[in-house]
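Each chain, written out:
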Amino acid sequence: MGETLLELKDLSVRYTTDGVISRAVNHVNLKLDKGEILGLVGETGAGKTTTALSLLKLLPKYTSEVDGEILFEGKDINKMDDKEIRNIRGSKISMIFQDPMTSLNPVFRVGEQIADVIKIHNEGISLHEVEDRVDNILTMVGIPPSRKREYPHQFSGGMKQRIMIAIAIACNPDLLLADEPTTALDVTIQAQVIKMMRNLQKELKSSVILITHDLGIVANFCDKVAIMYAGEIIEYGTLEELFDKSKPHHPYTEGLFGSIPNIQEKTSRLKPIFGLTPNPAELPEGCHFHPRCEKCMEVCKSGEVPTYRNGDYRCQCHLFAGKEAAV
Ligand code: SF4
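Residues numbered from 1 in each chain as written. Predicted model: local features only at pLDDT ≥ 70, side-chain atom pairs only at ≥ 80, totals over all residues. Heavy atoms only, no water.

A. Spotlight on the overall build of the protein chain. When helices and strands are counted, the protein chain shows ten helices and 13 strands. For 327 residues, the compact-globule estimate of 2.2 N^0.38 gives 20 Å, and the C-alpha radius of gyration of the protein chain, at 21 Å, lies within 12% of that figure. The dimensions of the protein chain, computed from C-alpha atoms along their principal axes, are 65 × 50 × 45 Å. For the protein chain, buried positions account for 48% of its 327 residues. Sequence-distant contacts in the protein chain: of pairs separated by 6 or more residues, those separated by 24 or more amount to 63%. Total accessible area on the protein chain stands at roughly 16,500 Å², and carbon and sulfur atoms take up 52% of it. Across the protein chain, the 38 positively charged side chains and the 45 negatively charged ones have centroids separated by 3 Å. (Helix = DSSP H or I, 4+ residues; strand = E, 2+ residues; numbered from the N terminus. Rg over C-alpha atoms; globule rule 2.2 N^0.38 Å. Buried < 20%, exposed > 50% of the residue type's maximum accessible area, 1.4 Å probe, protein only. Contact = heavy atoms within 4.5 Å. Areas by Shrake-Rupley, 256 points an atom, 1.4 Å probe, with all protein chains shown as cover. Lys, Arg positive; Asp, Glu negative; His and termini not counted. Charge placed at Lys NZ, Arg CZ, Asp CG, Glu CD.)

B. Local environment of the side chain of Arg-314. Looking at the secondary structure, you find Arg-314 in strand β12 (residues 313–316). For Arg-314, which is buried and forms no salt bridge, the nearest opposite charge comes from Asp-312, at a distance of 7.3 Å. Excluding anything up to four places from it in sequence, Arg-314 contacts Asn-29, Leu-30, Ile-233, Ile-234, Glu-235, Tyr-236, Thr-307, Tyr-308 and Arg-309. (Salt bridge = Lys/Arg side-chain N within 4 Å of Asp/Glu carboxyl O.)

C. Fine view of unusual backbone geometry. Its identity is not glycine, yet Asp-18 carries a phi of approximately 50 degrees, on the positive side. The residue Asp-18 is located in the loop between β1 (4–17) and β2 (20–33) in this model.

Here's what the structure looks like:
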């Protein structure tokens, strides 16, 4: 077993707007080992980004409640003061956001933006050393250091995302949170960026949480997979366990797989998941997926849904009743 870097224990996050409470994240338990890559998968509004932002204490102002523990190297981030969390952001945990166009500062040269992160987290570092590190990092992400004096608008979308990644890895973080890092890119550039991230992860030995709705990217990048629905982890396991079609899965996971094309299998048409992600302010009783589930039973419509486990693998669904130990 690997060494644990991060552990979420019963994490719940509530937002309150105009007196309405939204249950964005609900009793999430997750563990991430050092050097491990976890794919956090689900539709928009599933609570993936909220989970990631809570690790950096960057939740929006309308957050009304954060419960549970976020243990990073054994220390609870939830209990850290501003100074402690500032020391962690960027140097130990950093985040790559979805859209490089809005995340890069248009009026500063890209080299300066990378240098700023290095200077903030390395007091007393010489300018010469900073320059060397900027050149090094740009080379690592496949951008010639000679371009460091250029501005963000002089780069293509894929190159901008590489710069965002360069900023995120500038201090060699232990944990990299990548929130849909390739969504804004076209498919060929997506593949290049993912390949580059994979190589960087091997080189830096960072742990990664990759937030995505794209199972193709998960298959090419992740060691473990957590499927999130309505703020809950409804299925979790290794990549092999989640992609093993011979085994039963949570109906939502099956729906996700049914909604992507597979060139190895002949199928007349894709089967999208019927209905929409529920509003976190009005989550359905019982299993939150029940109004959309083709296998819904009477027992699913109220009460707690048990979680069934097999080693580290787990699935929250009544269909698994009696298969393994219920929790
Ligand atoms: Fe479907 Fe019931 Fe399982 Fe929920 S608990 S996913 S409604 S079978």
